[in-house]
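The primary structure of each chain is shown beneath.
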Amino acid sequence: MNALEITDLYKEFAGVPAVKGLSFAIPEGEIFGLLGPNGAGKSTTINMVAGVVKIGQGQVQAFGYDNQKDYRHTRRLLGVVHQEIVIDNFFTIEQALEIHSGYYGVKDDPAWRNLLIDRLGLRPHLGKIMIKLSGGMKRRFMIAKALIHRPRLLILDEPTAGVDVELRHGLWDFVREMNKKGTTILLTTHYLEEAEQMCDRIGIMHHGEMIALEPTHDLVRKLSNRRLKLWLEEPLAGLPPGLEEYAPSVEHGGTVLVLNLPVGGSAGIMLKHLCRSGLNIRDFETDQSGLEEVFIQLTGMGGGKNGTTA
Ligand SMILES: Nc1ncnc2c1ncn2[C@@H]1O[C@H](COP(=O)(O)OP(=O)(O)OP(=O)(O)O)[C@@H](O)[C@H]1O
């Protein structure tokens, strides 16, 4: 069963399209990463799924229920952490969590509430009214709030934006734990490294369209070159013959030879060519470009909100 199925979703603001006929599905149990540069249409998509932005055209189904026709039902199946911090200013964390489970028509479950409070590190702040919490604490509260009714699909729109490293790690551990217990996860993040580590599959949006959607490993492998760096016993006078297809280059006065294994190329054949070359190799190192390079290749964009982000 698909946790989420989006079909031909379209939205424009003042005549300018933000999401252009988007279709994709997320099977139950998956951690799916939706990536894309600023303005790609990720939040608009999530907001249409969550029912807070009206769908222009198309359909959204959660666990087989249409989110427009069966709004009350789908609302209970989804837990959404929006990008903007939205809190109940003058309630304490505990009061707000109690109220929210009532809002979803779910019976208050103190054991579950306490588990969320503890796992999200909210216990020391329980009695504080929300307006007095730090930004990181507010975000933790939003995550607890999104989970209070035990949704089957948790949607996190940039949950780690502006939060410290400790919370980020703790949060992802918790998300993994929730996923292992059966919650499907849809997340957006600008931290490509996080997406690479967390997600089973990644979809990349650009200008309102999905320009790639693949298992994370395949996406990285398919679009990235692998480099083989060889430290040689004797410096090379020139480029060795028979290795032209690997775009060889030399570094460090000829003592380091760099070969590039093209996308889809065979490492075995490259190594055979290397053996035939008779080079005297002292050491070697390989590296592979990660999601960041893949993302830049696909969208033609470099840089981002910070050095390692989209
Ligand atoms: N309420 C709105 N009114 C007008 N335009 C909007 C509105 N919400 C989004 N847009 C526009 O729609 C486009 C897509 O924005 P969206 O926020 O969905 O992108 P995003 O991929 O989530 O970007 P970011 O990574 O910056 O959050 C942008 O051009 C944005 O300016």
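Residues numbered from 1 in each chain as written. Predicted model: local features only at pLDDT ≥ 70, side-chain atom pairs only at ≥ 80, totals over all residues. Heavy atoms only, no water.

In this structure, what is going on with helix H4 (residues 110-119)? I would like to understand it.
In an α-helix, one full turn covers 3.6 residues, which means residues spaced three or four apart are oriented alike. Those residues of H4 that fall on the buried side of the exposure criterion are Trp112, Arg113, Leu116 and Ile117. The arc enclosing the buried residues of H4, seen along the axis, measures out at 140 degrees, which places them on a common side. At its buried positions, H4 is contacted by helix H3 (93-103), helix H5 (135-147) and helix H6 (165-180). Among the residues trailing H4, Gly121 stands out with phi positive, at a value near 65 degrees. (Buried < 20%, exposed > 50% of the residue type's maximum accessible area, 1.4 Å probe, protein only. Helix = DSSP H or I, 4+ residues; strand = E, 2+ residues; numbered from the N terminus. Arc of directions from axis to C-beta. Contact = heavy atoms within 4.5 Å.)

What am I meant to see in the nonpolar core here?
Formed by 46 residues in total, the largest nonpolar core has its most connected members in Leu35, Ile93, Phe141, Leu147, Leu156, Ile202 and Leu291. When residues of this core are assigned to their parent elements, the largest contribution, seven residues, is made by H5. Other than its neighbours up to four places away in sequence, Leu291 contacts Leu35, Leu192, Ala195, Glu196, Ile202, Leu219 and Val220. Among the nonpolar cores identified, the runner-up in size contains 25 residues, and Ala3, Val19, Met48 and Leu186 belong to it. (Core = buried A, V, L, I, M, F, W, Y, C linked by side-chain atoms within 4.5 Å.)

Sorry if this is basic, but what is going on with the site of the ligand here?
Around the ligand, the surrounding shell holds 13 residues, and the nearest of these are Gly39, Gly41, Lys42, Ser43 and Thr44. Ala40 is positioned such that a nitrogen or oxygen atom in its backbone is 3.0 Å from an oxygen atom of the ligand. Residue Ser43 places a main-chain N or O atom 2.8 Å away from an oxygen atom belonging to the ligand. Here the ligand, which alone exposes 640 Å², has 57% of that area covered by the protein. For the shell around the ligand, the element with the most residues is helix H1 (residues 42-50), which contributes three residues. For the shell around the ligand, the residue count by class is four nonpolar, seven polar and two charged. (Near = heavy atom within 4 Å. Polar contact = N/O pair within 3.5 Å; in protein donor to acceptor, adjacent residues only side chain to side chain. Areas by Shrake-Rupley, 256 points an atom, 1.4 Å probe, with all protein chains shown as cover. Nonpolar A, V, L, I, M, F, W, Y, C, P; charged D, E, K, R; others polar.)

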